[in-house]
Amino acid sequence: MDSEDEMLGAHEMGSGEDDFYSGGGSDDDYYNESDDGDEVDYGFVEEEMDDSVMIASHRSQINYVVLKEEDIRRIQMDDIGRVSMVLSITEAEASILLLHYHWSVSKVHDEWFADEERVRKAVGILDRPLVSTHDGGELTCGICFESYLPEEIVSLSCAHPFCSTCWTGYISTTINDGPGCLMLKCPEPSCPAAVGQDMFEKFASKEDKEKYYKYFLRSYIEDNRKMKWCPAPGCENAIEFGGGTSNYDVSCLCSRSFCWNCTEEAHRPVDCHTVALWIRKNSAESENMNWILANSKPCPKCQRPIEKNHGCMHMTCTPPCKYEFCWLCLNAWTTHGERTGGFYACNRYESAKQEGLYDEAEKRREMAKNSLERYTHYYERWASNQTSRQKAVEDLQKAQLEKLEKLSDIQCTPESQLKFITEAWLQIIECRRVLKWTYAYGYYLPDHDKKQFFEYLQGEAESGLERLHKCVEKELEAFLTAEGPSDDFNHFRTKLTGLTSITKTYFENLVKALENGLADVDTTQGGSSKSTSSKSSKTKGGGKGKGSSKSKISDGN
C-alpha cells in the first residue's frame with residue numbers, strides 16, 4: 001500500500017472471512033466528525049490527569065481499581081467495622097477473625113454463624129478464662145516470676161498473668177521479628193489466646209507501632225485474592241482486580257503497566273506462559289551456548305572455544321596453550337602447507353567432508369546458527385518496539401509541557417481542541433506495546449498456515465502504526481514552526497483523528513484475533529491462506545514494517 005488512503009482502508013482487509021479484522025466502520029465516519037463549527041472534544045482523558053492516569057484510562061475496558069494507601073486503610077477499617085457490628089464483638093476481635101480468614105468478610109460470617117464456639121477456639125477469641133483468677137493478694141508474672149499487685153498485671157481473655165514490662169518486651173521482640181506478630185498468641189506456652197490490636201496499642205513503642213500497622217495494612221493486600229501490590233520499585237499502590245475477563249493488563253497511577261495474573265509487564269495478546277518462556281529465553285545461558293556453537297570451534301588440544309576473526313585458516317590458541325591448528329580440519333598446522341591448499345583452503349578437510357566425516361558437527365553448527373538467527377530476528381524487533389514506545393512516552397510528555405501550548409498560540413486554537421494530539425500519542429504508546437509482544441507470539445507460533453497469516457496481519461499493523469507515528473511526529477512540526485494560523489490545520493486534525501481511530505480499531509481486533517489463536521484460519525483452512533497470499537503478493541509483503549520480513553522468518557525455521 002503506497003498511499004495514506006490505502007492505509008486507512010487496510011483494516012478492512014478485503015471481504016468474507018477477513019471482515020473479522022475490520023472494525024465495521026468506514027473511514028468517512030472518522031473524517032466527518034469535526035465538520036461542524038462547534039468545539040469538539042477529541043480526547044477521552046481529562047487535561048488535569050498526568051501521563052500515568054491517561055495511559056491507564058486509555059485501556060478499552062477498565063476492570064480494576066487502583067488503590068492508594070489511604071484507600072486501602074479505609075476499606076480495611078470498613079471491613080473491620082462491619083464484622084464488629086454484625087457479630088457484636090470488639091474491633092480488636094474482628095481484626096483477629098479477619099486476619100485468620102484472610103480478610104474474607106463473607107467467610108468470617110459463614111464460619112461464625114455455623115459454629116461460633118469452634119471459631120472462637122480456632123482463632124483464640126476465648127469467651128471464658130483458662131485459669132482461675134485470684135480475688136486478692138499478689139500475682140506472679142509468668143515470664144519474670146516477680147510478684148505484682150493485681151492492678152499491675154495484664155492478662156488476655158485466658159487470664160494468664162504477665163506484668164507490663166514483660167508484655168512490652170514480648171510485643172517489641174515479635175514486631176521486630178516480622179509480620180508473624182499479626183498472629184501473636186499469649187506468652188504462656190500452648191495457650192491459644194490471640195493478642196489483639198488493643199494490646200499493641202497499649203504496649204508497643206511509637207516506632208514499633210508504625211511497623212505493626214505497616215504489616216497490618218500489607219496483610220490486607222497480600223492475603224486478598226483480588227488484590228495485589230504494584231510491582232514498580234517504591235510504589236505503595238495496590239490493584240483490585242474485578243475479574244470477569246481474560247484481559248489481565250492493568251496500569252498503576254505510577255505509570256507501571258503490568259499483568260495482574262503474573263505481575264510481569266503488560267503483555268496482551270501473549271499469554272502468561274508464553275511470556276515466561278520468552279523472558280527465560282532472553283536471560284538463558286542457552287543462547288550464549290548457541291552463539292558459541294555457531295561461531296566458534298574448540299581448540300583440538302585444550303578444548304577452549306575459539307572464534308575465527310581473520311581470513312586465514314591458521315589458528316593459534318591463546319596462552320598458555322598456544323596450539324597452532326587448521327580452522328577447517330582442526331589438525332596440527334605443522335602438517336599443512338601448499339600441498340594441502342595453502343592458508344585459505346584445506347584439501348584434507350574437503351576430502352574428509354566428501355567422506356562424511358564432518359557431517360555431524362557441521363549439521364549441529366548449522367542448526368545452532370539458524371536457531372540463533374531466528375531468535376535474533378524476533379528479539380531485535382521486540383526490543384526495537386520497546387525502545388520506540390519509551391521514546392513515544394517521552395514525546396507525549398514533551399508535547400504536554402511545551403508543544404500544545406505553543407501550537408495553541410500559533411494556530412489560535414484552544415488547548416481543549418488539541419486533545420486529539422494527546423490521544424494519538426497515547427494510541428501509539430499502547431500499539432507499540434502490543435506490537436512488541438506480537439514478536440514473542442510469532443516466535444512460538446508453530447503452525448505454518450497460521451504463521452503466514454499472522455505475519456501478514458503483523459506487517460499491516462506495523463505499517464499502519466508507522467503512518468500514525470509519522471503523522472503526529474513529523475507533520476505536526478510544520479504547524480509548530482508556522483508564523484500564523486494555517487488553513488491546513490483542520491485537515492491535519494481530521495486526518496490524525498481518522499488515523500488514530502482506525503489504528504485503534506485494527507489493533508483491538510488484532511489482539512482479539514491473536515488471543516483467539518487465529519481461529520478463523522482453522523475454520524477456513526486454505527481460504528484465508530489463499531486470500532492472504534494473494535493480498536500479500538499484491539502488497540509485496542503487506543506492510544513495510546519489520547513484521548513483514550517473511551523470508552527471514554522462514555529461513556530461520
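The rules behind the values
Residues numbered from 1 in each chain as written. Predicted model: local features only at pLDDT ≥ 70, side-chain atom pairs only at ≥ 80, totals over all residues. Heavy atoms only, no water. Helix = DSSP H or I, 4+ residues; strand = E, 2+ residues; numbered from the N terminus. Buried < 20%, exposed > 50% of the residue type's maximum accessible area, 1.4 Å probe, protein only. Contact = heavy atoms within 4.5 Å. Areas by Shrake-Rupley, 256 points an atom, 1.4 Å probe, with all protein chains shown as cover. Axes fitted to C-alpha atoms, helices over the stretch in contact; angles between N-to-C directions. Parallel < 35°, antiparallel > 145°, perpendicular 65-115°, else oblique. Nonpolar A, V, L, I, M, F, W, Y, C, P; charged D, E, K, R; others polar. Salt bridge = Lys/Arg side-chain N within 4 Å of Asp/Glu carboxyl O. Patch = residues over 30% accessible without salt bridge, like charges linked within 9 Å, V, L, I, M, F, W, Y side chains within 5 Å. Expected span 1.5 Å × (residues − 1). Pairing = 2+ DSSP bridges. Disulfide = S-S within 2.5 Å. Phe/Tyr/Trp six-rings, centres within 6.5 Å; stacked < 30°, edge-to-face > 60°. Lys NZ or Arg CZ within 6 Å of the ring centre and 35° of its normal.

A look at the overall build of the protein
Helix and strand counts for the protein stand at 20 helices and 13 strands. Residue burial in the protein is summarised as follows: out of 557 residues, 47% are buried. Residue pairs at least 24 apart in sequence account for 62% of intrachain contacts in the protein once pairs closer than 6 positions are excluded. Within the structure as shown, the protein displays about 28,400 Å² of accessible surface, and the carbon and sulfur contribution to it stands at 49%.

Considering the packing of helix α4 (residues 69–87) against helix α5 (residues 91–100)
Packed helices, taken two at a time, are described by the angle between their axes plus the distance between the axes. The N-to-C vectors of α4 and α5 enclose an angle of 110 degrees; their axes lie 8 Å apart at closest approach. Classified by the angle between their axes, α4 and α5 sit roughly perpendicular to one another. Between α4 and α5, the residues in contact are M77, D79, I80, G81, V83, S84 and L87 and E91, A94, S95, L97 and L98, respectively. A breakdown of the residues in the contact of α4 with α5 according to their chemical character gives 7 nonpolar, 3 polar and 2 charged.

Re the pattern of salt bridges
As enumerated under the stated definition, the model contains 20 salt bridges in all. We note a salt bridge from E265 to K436, for which the minimum N-O separation is 2.5 Å. Here E265 is found in the loop between β9 (257–259) and α11 (272–283), whereas its partner K436 is found in helix α15 (residues 419–443), with 171 residues between them in sequence. For K436, a relative accessible area of 0% corresponds to the buried category.

What about a nonpolar patch on the surface?
Judged by side-chain polarity, M85, V86 and F113 come together as a nonpolar surface patch covering roughly 340 Å² of accessible area. Examined against the element boundaries, F113 turns out to sit in helix α6 (residues 105–114). A relative accessible area of 56% places F113 in the exposed class.

Some words on helix α8 (residues 164–177)
Across its 14 residues, α8 extends 20 Å between first and last C-alpha, which sits within 8% of the 20 Å expected from 1.5 Å per residue. Buried residues along α8 sit against β4 (153–154), β5 (162–163), α9 (197–203) and α10 (206–222). The first or second residue beyond α8 is G178, which carries a positive phi of 125 degrees.

A closer look at the environment of K297
Within the fold, K297 resides in strand β10 (residues 296–298). K297 sits 10 residues away from E307 along the chain, and the two C-alpha atoms are 6.8 Å apart.

Digging into the sheet that holds strand β6 (residues 227–229)
With antiparallel pairing, 3 strands are arranged side by side in an open sheet as β1-β7-β6. Bordering the open sheet on either side are β1 (64–67) and β6, each of which pairs with just one other strand. Each adjacent strand pair in this sheet contributes to an overall mean axis angle of 25 degrees, direction not counted. Note: β1 against strand β7 (residues 238–241), 4 bridges, orientation antiparallel. Paired with V66 across the strands is I239, a residue of β7. Set on the sheet, α4 makes contact with β1, β6 and β7; between it and β1 the angle comes to about 105 degrees. Running over the sheet, α10 touches β6 and β7 and is turned about 125 degrees from β6.

Thoughts on the environment of A424
The topology assignment puts A424 in helix α15. Owing to a relative accessible area of 0%, A424 belongs among the buried residues under this scheme. Apart from residues no more than four positions distant in its own chain, A424 is found in contact with L468, V472, L496 and T500.

A few points about the state of the cysteines
In the structure shown here, the tally under the stated rule is 0 disulfides. Just so you know, C262 is unpaired, no disulfide at all, and the nearest cysteine sulfur is the one on C259, 3.7 Å from it.

Concerning the packing of aromatic side chains
In this structure the tally under the stated criterion is 31 aromatic pairs. Ring geometry for W103 versus F216: centroids 5.4 Å apart, planes at 75 degrees, classification edge-to-face. One end of the pair, W103, is in the loop between α5 and α6; the other, F216, is in helix α10, and 113 residues separate them in sequence. Using a relative accessible area of 4% as the deciding quantity, one classes W103 as buried. Ring centres 4.1 Å apart and planes at 15 degrees place the aromatic pair F200 and Y212 in the stacked group. Of this pair, F200 sits in helix α9 while Y212 sits in helix α10, and the two are 12 residues apart along the sequence. Taken together through their ring pairs, the aromatic side chains of W278, Y375, Y378, Y379, W382, W437, Y439, Y443 and Y444 make up a single cluster. Its end group placed over the ring of W260, K228 keeps NZ or CZ at 4.5 Å from the ring centre. Above the plane of the ring of Y443 lies R374, whose end atom (NZ or CZ) is 4.4 Å from the centre.

What to know about the side chain of Q197
If you trace the backbone, Q197 turns up in helix α9. Judged by relative accessible area, Q197 falls into the buried class, the value being 16%.

Here's the deal with unusual backbone geometry
The linkage connecting R268 with the following residue, P269, adopts the cis geometry, with an omega of 10 degrees. One can find P269 in the loop between β9 and α11. For the bond running from P319 to P320, omega is 5 degrees, close enough to zero to count as cis. Its identity is not glycine, yet W103 carries a phi of approximately 60 degrees, on the positive side.

Observations concerning the packing of α5 against helix α7 (residues 116–123)
In contact at an axis separation of 10 Å, α5 and α7 are set at 85 degrees when each is read in the N-to-C sense. Considering the angle they form, α5 stands roughly perpendicular to α7. The segment α5 lies against α7, with I96, L97 and H100 engaging V119, A122 and V123. When its residues are assigned to classes, the contact of α5 with α7 shows 5 nonpolar, 1 polar and no charged.

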